[in-house]
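# A look at the structure
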Amino acid sequence: MKIALVGYGKMGKEIEKIALDRGHEIVSKIDVTSSDSFDDDSFKSADVAIEFTRPEAAFNNYQNCFKNNVPVVSGTTGWLDQLPAIEKACKEDGQTFFYASNFSLGVNIFFEINKQLAKIMNKVKEYDVSMEEVHHTQKLDEPSGTAITLAEGIINNLERKNNWTLDTAKEDEINIKAIREGQVPGIHTIKYDSPVDEIVIHHSAKSRQGFALGAVLAAEFTQGKKGMLNMKDLLNF
Ligand SMILES: NC(=O)c1ccc[n+]([C@@H]2O[C@H](COP(=O)([O-])OP(=O)(O)OC[C@H]3O[C@@H](n4cnc5c(N)ncnc54)[C@H](O)[C@@H]3O)[C@@H](O)[C@H]2O)c1
Ligand SMILES: O=C(O)C1=N[C@H](C(=O)O)CCC1
């Protein structure tokens, strides 16, 4: 496949290695200081663009890809207020957009365990739930996109929770503590605490390889498909 990389930072570079290992060709690398652009024939020749940039840049990048009818796989977090416009472009203009707050297989298994545990907790009122996420100090958004997906998984399955907050939680809210330290690729912990014990589920990424492999598998999955795609479509959980 011909792949365009939009964003050639930590994730772009990791994705490049895995894409080349899997026999793909990188036809364009667009970043703020690169000479490659969305107007180049090389970009237009791409079968898919893989976008990992920053929250305020992502939406404009998607539009530039769609203008050239290049399908997009994106993992950039912190832009989801603009999701309706992307859904419209897919529905009305036949574009292809694959999004995941976290592309790692392990985290997507963790998402499912989180939902199941939340369902069980409807029957056990003694437990209160909270979350902690830890990432490297260059991360721009908080809480992480993954933490928001986990919180939504709880809110949609546990009747006594309706919202999440980074501040002190009210009874119907989940407190998320966001910690930024060192070079941590990503740690997410969910704790159910009762007067007599605690139950903890935890995912810790050892590197960015898992995210990058998931993004390349997603790019392969977009071929011949239209519309909005996600990890549930890819993994068939
Ligand atoms: N979904 C996932 O699995 C997953 C995994 C890791 C990171 N992320 C997210 O991906 C994003 C990028 O992460 P990273 O660790 O690679 O960050 P990074 O800062 O290392 O890289 C981002 C790159 O984007 C470039 N950039 C900024 N504005 C741009 C623009 N307008 N056009 C093109 N390039 C631009 C920057 O110069 C930089 O090289 C973040 O939002 C992060 O939260 C998601
Ligand atoms: O390094 C990052 O930034 C990460 N961003 C995603 C998030 O916000 O959840 C995925 C984990 C790594």
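Residues numbered from 1 in each chain as written. Chains lettered and ligands numbered in written order. Predicted model: local features only at pLDDT ≥ 70, side-chain atom pairs only at ≥ 80, totals over all residues.

Identification of the protein chain as 4-hydroxy-tetrahydrodipicolinate reductase from Carboxylicivirga linearis is taken from an unreviewed UniProt entry. According to the UniProt record, the Pathway (unreviewed entry) comment for the protein chain reads "Amino-acid biosynthesis; L-lysine biosynthesis via DAP pathway; (S)-tetrahydrodipicolinate from L-aspartate: step 4/4." As its UniProt record puts it under Sequence similarities (unreviewed entry), the protein chain is described as follows: "Belongs to the DapB family." (UniProt positions renumbered as here; feature names shortened; annotations may be inferred.)

Glancing now at the sheet that holds strand β11 (residues 227-229). One open sheet accounts for six strands, arranged β2-β1-β3-β4-β5-β11; its pairing is parallel. A single partner strand is all that each edge strand has here, and the edge strands are β2 (25-30) and β11. Ignoring which end each strand starts from, the neighbouring axes of this sheet average 20° apart. Here strand β4 (residues 72-74) runs beside strand β5 (residues 96-99); their pairing, made up of three bridges, is parallel. Note on β5: the bridge partner recorded for Val72 is Phe97. (Pairing = 2+ DSSP bridges. Helix = DSSP H or I, 4+ residues; strand = E, 2+ residues; numbered from the N terminus. Axes fitted to C-alpha atoms, helices over the stretch in contact; angles between N-to-C directions.)

End to end, helix α5 (residues 105-121) covers 25 Å across 17 residues, agreeing with the expected 24 Å (1.5 Å per residue, within 8%). By the burial criterion, the buried members of α5 are Val107, Asn108, Phe110, Phe111, Asn114, Ala118 and Met121. Viewed end-on, α5 has its buried residues packed into an arc of 150°, placing them on one side of the element. The secondary structure elements touched by the buried residues of α5 are α6 (145-155), β9 (187-193), β10 (198-204) and α8 (231-235). (Expected span 1.5 Å × (residues − 1). Buried ≥ 20, exposed ≤ 12 C-beta atoms within 10 Å, placed from the backbone. Arc of directions from axis to C-beta. Contact = placed C-beta atoms within 7 Å.)

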